[in-house]
Amino acid sequence: MAGRGRGTVEGEGTTAGVSERLLFADTAPVETAPVWLPESRPAKEILPPDGGGFRPASPTATITRLGKQLGRVSWPAFHRSIGAAATTELDRGIGFLLVPVFLAAGVIFYFSLNAEPDLYRPLAAVALMAVCALVSRPRPRTHLLFMAAFFCALGFLAAKVETWRAATPMLGSEIQTRLTGRLVSLEEMENGRVRLTIDVISTAHPKLRYAPERVRLSARKVPADMTAGSLLTGYARLLQPTGPVRPDSYDFSFDSYFSGIGASGFFLGNPKTIASEDAPPSARLASTIEKARESIANHIRGQVGGPEGEIAAALIVGVRAGIPDEINEAMRRTGIYHVISISGLHMALVAGTIMLLLRGAFALFPDFASRRPVKKYAAAAALVSIAAYLVFSGIVVAAERSFIMLAVMLVAVLFDRAALTMRNLAISAIAVILVSPHEVVGPSFQMSFAATAALVGAYAGWADYRADRTTTPPPKRSFLRFTSRKLAMGMGGLAMTSIIAGSATALFAIWHFQRVSPLSLVANLAVMPIVSVVMFLGVASALTMPFGLDWPFLYLMGKGLTAMIAISGWISERSPVDAVGLISIQSVLFVTIALVIATMATTWLRLAAIPFALAGLLTVSNTRTPDVLISEDAHLVAMPIGGGELAVNRVRSNEFTTDNWKRALVAETIAEPETFETGDARFDIDPLDLPPGSPFYCRDGLCLARHPSGAIVALAENRKTARPACAFADLIVIDDATAYSPCWNSLALVVTKRQLARSGSAAVFFDPQSASAQATIRYAVEKPYRPWHEQRKYSREARGLPPYQRPEKPVVKLAPSAQ
């Protein structure tokens, strides 16, 4: 079987198209048919006389026997059967497949800690587990346990080393300064602004004592001669990295820390280029590559034009900032946004196109092709091509991970090994985990490997099923029937691929994004054939671009992208609401365990995935939805008021934050606040008379609203305006870092801007059983701080200081005699 990846005896080759289970049919211990049979039998079936040999029993036959023998369970035999099946799994190489699983477990444990551990502890744990594993080799079961503990400790150590190695200086507080630096990359955004990534050389007016090394700023306009590697200067407002918009959501500080970005912000004017200095060789190489990317992207935009040109540039060189927001949203709603992000799909299409073209070219010379390993030549060329694709796509994390996965498979072809196997996937996962451990806790890693593992496992199961069937030569068909059958099989395969990958990644998508794509199957069936043609044209345009012959390929590529945009927009308009709310982390863990067992086991032990999958489904709703959400800057407060409405306290709220909150709280519309002028009699009502589910009413720096549970929420500008709310409010939020609680009533929960600056955004829960709706709060950031949150304690708000204001220059008045 060329899709399962269980290793053969060292030094032996791999025969294409032969199931790996056949390799162990005579060498592996007898796998007792699940245990409650009256007598022990080998799990083998005699083939018809013309086939000869033995084959393992199919999973369908095993499940049938299980059902017939449920009434005659023999627990000692059941125990022996588990042992025999486990031995078979180990002989087939499941131990190696579990290495990345235990490494990932150690990484997740490290990042879930509440405090940063010392380096010597994981070092000591790795050394101790290694010694214990070495000593316990005579006892196989104990040895396996120590090996699992060793890889968990190794994953923990890898994550700790990466954190120590990153050590990104992070800006502690918002400030305005004159910045001078070297441009790393430049991207034109959809709103007309330009996003610049800059290596900071110096700051002035004021000079920062703890300046970040790299920042990401936006500007309205940049000089035409500004390219990667240029020295620039300008007056900018720098902002500290933000935390999660709510507890358990994506942490931008975490991403910035491991990306080396110490601050973000924008230029107050247009930056200017200055005289260039000699850059180090590494910076010159990086700037040369970035200039080539910019040149290729501009050429593609000029040839294709419009949104299609932006998408074509994203597919070829990874520049996505210019894609219109409505197209991005349509692709997210239809579940085809993976088309835009350079990942395994794109790498595979590029490699496949190169191999197809080269093998077709070699076929024109039959004498040469019959004497030479042309398949290896094509694989080597494909490896070089995807390496170049990785470099010119910006070496983003998703592309880097996909390159490692595909490179392992192409190297397997070079050494006469099966390419698409679970073992190669495990090697790829090990490489990614050891190089970038922080990716394990991100959605890209989880969804990518979950989908790939599910597809490889499903392919292996299908290959085994077909191997167990006795096939007869197909009858002769007309050309039309033959073509129709092949087309139907292709569409069926594409549909099953989408179903399997979508099912494997659904819970991860819900956990990270609180959304699903109900019509993703339809969208993928309609779009993926177009994408395959578009990527083929993209490869052809890249190969012919140096000769100036790329325009016909780019023209056709633009037409294909126009069709893709139209299809995604049409399906998006008919897609139901995709927000599904919050799910429990227990559900994700159970489903992950079920996925590991189902994709890696090859014996009847894969049935153990069923209870874990059921547990995951049963615990999906085992979480509590917040009653109130508060942003980390105390500017925005929101709460669901029923009827699919989310009440907010600001008319112009942060769109990204409110969209995230709407999906988490399953709200469809925003209920804007109603503002009254001073002295307006309509506001002179008793807050206790507000009906449950009332939106925010604001006047004189105080906003009031009432939760459906009856709890009253107040948002005040300062301590003075908050004092009257102490008599009736259950929750008071004060948008002032210098303020402290004005209430003596312990039943009112008071949250200040200083607390939010220290602990991040907050989720508030009201007790429905309490007559006073007693509130409890949960913050997004816990203390003591981890390295990616250390900068929080240095902000002015966290120190209880008002916002920084530049001192005004004194006006010098001349004496009358000097005038």
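Located above this text is the structure these notes cover.
Our subject in this report is the structure included herewith. (Residues numbered from 1 in each chain as written. Predicted model: local features only at pLDDT ≥ 70, side-chain atom pairs only at ≥ 80, totals over all residues. Heavy atoms only, no water.)

A word on the sheet that holds strand 13 (residues 674-675). Strand order in the open sheet made by the six strands is 13-14-15-16-17-18, with mixed pairing throughout. Because the sheet does not close on itself, it has two edges, and the strands there are strand 13 and strand 18 (749-752). Both strand 13 and strand 14 (residues 694-699) contribute to a ladder of two bridges, which runs parallel. If you follow T675 over to strand 14, its bridge partner there is C698. (Pairing = 2+ DSSP bridges. Helix = DSSP H or I, 4+ residues; strand = E, 2+ residues; numbered from the N terminus.)

Here the focus is helix 12 (residues 344-363). Look at helix 12: 28 Å from first C-alpha to last across 20 residues, which is about the 28 Å you get at 1.5 Å a residue. H346, M347, L349, V350, A351, T353, I354, M355 and F362 are the residues of helix 12 that are buried. (Expected span 1.5 Å × (residues − 1). Buried < 20%, exposed > 50% of the residue type's maximum accessible area, 1.4 Å probe, protein only.)

On to the pairing of strand 18, then. Of the two faces of strand 18, the one carrying L749 and V751 and the one carrying V750 and T752 are both buried. As judged from the four bridges shared by strand 17 (residues 731-734) and strand 18, these two strands associate in the parallel manner. By the bridge assignment, I732 is partnered in strand 18 with V750.

The next thing to look at is a positive patch on the surface. Taken together, the side chains of R466, R469, R477, R481, R485 and K486 present a region of like positive charge at the surface. For the positive patch, the element with the highest residue contribution is helix 18 (residues 479-513), accounting for three residues. Under the relative-accessibility criterion, R485 is labelled partly exposed at 39%. (Patch = residues over 30% accessible without salt bridge, like charges linked within 9 Å, V, L, I, M, F, W, Y side chains within 5 Å. Areas by Shrake-Rupley, 256 points an atom, 1.4 Å probe, with all protein chains shown as cover. Salt bridge = Lys/Arg side-chain N within 4 Å of Asp/Glu carboxyl O. Lys, Arg positive; Asp, Glu negative; His and termini not counted. Charge placed at Lys NZ, Arg CZ, Asp CG, Glu CD.)

To continue, consider a negative patch on the surface. On the surface, E190, D325, E326, E655 and D659 cluster together to form a negatively charged patch. With respect to the helices and strands, the residue E326 is situated in helix 11 (residues 325-334).

For the structure on display, the rule yields 19 aromatic pairs. Summarising the aromatic geometry, the rings of F445 and F449 are spaced 4.7 Å apart at their centres and angled 45° between planes, so their arrangement reads as tilted. Linking F445 with F449, this pair stays in helix 17 (residues 443-468), spanning four residues, or about one helical turn. F449 matches F445 in its accessibility class, with the two residues each being buried. (Phe/Tyr/Trp six-rings, centres within 6.5 Å; stacked < 30°, edge-to-face > 60°.)

All right, on to the state of the cysteines then. Note on terminology: disulfide describes a covalent bond linking the sulfur atoms of two cysteines. Throughout the structure, instances matching the rule amount to two disulfides. The residue that forms a disulfide with C726 is C743, at a sulfur-sulfur distance of 1.8 Å. Judged by the sign of its S-S torsion, about -75°, the cystine formed by C726 and C743 is left-handed. With C726 in the loop between helix 24 (719-722) and strand 17 and C743 in the loop between strand 17 and strand 18, this residue pair connects regions lying 17 residues apart in the sequence. Across this residue pair, the class does not change: C726 and C743 are buried. Of note for the protein chain: the bonded cysteines, numbered N- to C-terminal, pair according to 1-2, 3-4. (Disulfide = S-S within 2.5 Å.)

Our next topic: the side chain of R333. Looking at where R333 falls in the secondary structure, it is placed in helix 11. On the basis of relative accessible area, R333 is assigned to the buried category, the value being 19%. Among the polar contacts made by the side chain of R333, one reaches the side chain of S572 at a distance of 3.5 Å. At a separation of 3.4 Å, a polar atom in the side chain of R333 contacts the main-chain carbonyl oxygen of P576. Apart from the residues lying within four places of it in its own chain, the contact partners of R333 are R515, S517, S572, S575, P576, V577 and D578. (Polar contact = N/O pair within 3.5 Å; in protein donor to acceptor, adjacent residues only side chain to side chain. Contact = heavy atoms within 4.5 Å.)

Let's shift gears to the environment of A263. Residue position: A263 is located in strand 7 (residues 263-267). Taking the C-alpha atoms as reference points, A263 and P241, separated by 22 residues in sequence, lie 5.7 Å from one another. Setting aside anything within four residues of it in sequence, one finds A263 in contact with L171, P212, R214, V215, R216, L239 and P241.

Of all hydrophobic cores here, the largest spans 87 residues; its most connected members are I311 and M557. Ranked by the residues each element gives to this core, the list is headed by helix 15 (residues 397-414), at nine residues. (Core = buried A, V, L, I, M, F, W, Y, C linked by side-chain atoms within 4.5 Å.)

What follows deals with the pattern of salt bridges. A complete count under the given rule lists 17 salt bridges for this structure. When the shortest N-O distance is used, the salt bridge between D700 and R699 registers 3.5 Å. Residue D700 is classed as partly exposed on the basis of its relative accessible area, which comes to 44%. For R699, a relative accessible area of 16% gives the class buried. The closest approach of N and O atoms between D735 and K753, which form a salt bridge, is 3.0 Å. Linking D735 in the loop between strand 17 and strand 18 with K753 in helix 25 (residues 753-759), this pair joins segments that are 18 residues apart in sequence. Take D735 and K753: they sit in the same class, and that class is buried.

Let's shift gears to the sheet that holds strand 11 (residues 645-648). The strands that make up a sheet are held in pairs by hydrogen bonds between backbone atoms, and each pair lies either parallel or antiparallel. Spatially, six strands are ordered 12-11-10-9-19-20 in an open sheet, and the strand pairing comes out mixed. Across the chains shown, the open sheet's two edge strands, defined by having one partner strand only, are strand 12 (669-671) and strand 20 (775-779). Averaged over all adjacent pairs, the angle separating strand axes in this sheet is 25°, with direction ignored. With four bridges connecting them, strand 10 (residues 637-642) and strand 11 associate as antiparallel partners. Within the sheet, the bridge partner assigned to M639 lies in strand 11 and is A647. (Axes fitted to C-alpha atoms, helices over the stretch in contact; angles between N-to-C directions.)

This part is about the packing of helix 11 against helix 20 (residues 551-573). Relative placement of two packed helices is described by the angle separating their axes and the distance separating the axes. In the contact formed by helix 11 and helix 20, the axes pass within 8 Å of each other and the chain directions differ by 65°. Relative to helix 20, the crossing made by helix 11 is left-handed. Along its contact with helix 11, which presents I327, A330, M331, R333 and T334, the element helix 20 presents M564, I565, S568, G569, I571 and S572. Across the contact of helix 11 with helix 20, the residue classes break down as six nonpolar, four polar and one charged. (Left-handed = near helix turned anticlockwise from the far one by under 90°. Nonpolar A, V, L, I, M, F, W, Y, C, P; charged D, E, K, R; others polar.)

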